[in-house]
Amino acid sequence: QDVLDELRWPKFADALVLAHKPTSIAEAGMDSTARQRIAFEELSMQQAQLALTRWKLKHHGVDQSVDFQSKDVYSRWRDSPLVSAAVASLPFDLTASQMECLDEMWGDAIGDKSRMVRVLQGDVGSG
């Protein structure tokens, strides 16, 4: 609560109302306190979920019943008909950086018997 008071952020329920029914131009802006509070809440929940997942992996391990070396696992995402079709269906071409991210995530996902814990973030229109 001290952080909320210090930043002058509204309570979460109030932030939702302000974001959806602003009473002024300032409340409707991208840098409004309501939007900041909602974004903070979303990021906090993501971080908590990742921490819980890491804790579960540390204390309970990976489900060994999963066959990571199955013949259905492709060594490259480009070889997967499903992933290739999904990428091809996009109304734009992936950038070199986006393809590099896919390569890295695919490698992590099939690389060994540990679960990949990763968050991919990007800004729409950031290039």
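Residues numbered from 1 in each chain as written. Predicted model: local features only at pLDDT ≥ 70, side-chain atom pairs only at ≥ 80, totals over all residues. Heavy atoms only, no water.

Participant: How should I be thinking about the overall build of the chain in this particular structure?
Facilitator: In terms of regular secondary structure, the chain is built from six helices and zero strands. Counting helices and strands in the order they occur from the N terminus, the chain gives α-α-α-α-α-α. Across the 127 residues that make up the chain, the buried fraction comes to 13%. When the accessible surface of the chain is summed, it comes to about 10,100 Å², and 56% of that surface belongs to carbon and sulfur atoms. (Helix = DSSP H or I, 4+ residues; strand = E, 2+ residues; numbered from the N terminus. Buried < 20%, exposed > 50% of the residue type's maximum accessible area, 1.4 Å probe, protein only. Areas by Shrake-Rupley, 256 points an atom, 1.4 Å probe, with all protein chains shown as cover.)

Participant: Explanation requested: the side chain of Ser-80 in the structure shown.
Facilitator: Here Ser-80 lies in the loop between α4 (33-60) and α5 (81-88). Ignoring sequence-local partners within four residues, the contact set of Ser-80 consists of Tyr-74 and Trp-106. (Contact = heavy atoms within 4.5 Å.)

Participant: Can you walk me through the packing of helix α2 (residues 12-20) against α4 in this structure?
Facilitator: Two quantities define a packed helix pair, namely the angle between the axes and the distance from one axis to the other. At a closest axis distance of 8 Å, the pairing of α2 and α4 adopts a crossing angle of 125°. Relative to α4, α2 is oriented oblique. Remark: the crossing between α2 and α4 carries left-handed chirality. Between α2, through Phe-12, Ala-15, Leu-16, Leu-18 and Ala-19, and α4, the contact on the second element is made entirely by Ala-34, Arg-37, Ile-38 and Glu-41. Of the residues belonging to the contact of α2 with α4, the class tally is seven nonpolar, no polar and two charged. (Axes fitted to C-alpha atoms, helices over the stretch in contact; angles between N-to-C directions. Parallel < 35°, antiparallel > 145°, perpendicular 65-115°, else oblique. Left-handed = near helix turned anticlockwise from the far one by under 90°. Nonpolar A, V, L, I, M, F, W, Y, C, P; charged D, E, K, R; others polar.)

Participant: When you look at the layout of surface pockets in this model, what are you seeing that I'm missing?
Facilitator: Unoccupied space between atoms shows up once a probe the size of one water molecule is rolled over them. Here the second largest pocket defines a volume of roughly 230 Å³. Lining the second largest pocket, in full, are Ala-19, His-20, Met-30, Arg-35, Gln-36, Ile-38, Ala-39, Glu-42, Leu-43 and Gln-46. Listing elements by their share of the lining of the second largest pocket, those giving two or more residues are α2 and α4. Top element by residues in the lining of the second largest pocket is α4. It accounts for seven residues. (1 Å grid on protein atoms, 1.4 Å probe; cavity = no way out; pocket = protein on both sides within 12 Å on 5 of 7 lines; lining within 4 Å. Points joined across faces, edges and corners; volume = space filled by probe spheres on them.)

Participant: How do you make sense of the packing of aromatic side chains when you look at a structure like this?
Facilitator: Remark: the centre distance and the inter-plane angle together describe each pair of aromatic rings, the angle taken between the planes. Under the counting rule described, the total for this entry stands at one aromatic pair. Aromatic side chains Trp-9 and Phe-40 sit 5.2 Å apart centroid to centroid with 55° between the ring planes, which places their arrangement in the tilted category. Of this pair, Trp-9 sits in the loop between α1 (2-7) and α2 while Phe-40 is found in helix α4, placing the two residues 31 residues apart along the sequence. Residue Trp-9 is classed as buried on the basis of its relative accessible area, which comes to 15%. With relative accessibility at 37%, the residue Phe-40 sits in the partly exposed group. (Phe/Tyr/Trp six-rings, centres within 6.5 Å; stacked < 30°, edge-to-face > 60°.)

Participant: Help me understand the environment of Gln-36 in this model?
Facilitator: Structurally, the position occupied by Gln-36 is in helix α4. The spatial distance from the C-alpha of Gln-36 to the C-alpha of Ala-15 is 8.8 Å, given a sequence separation of 21 residues. With near-sequence residues (within four places) excluded, Gln-36 lies in contact with Trp-9 and Asp-31.

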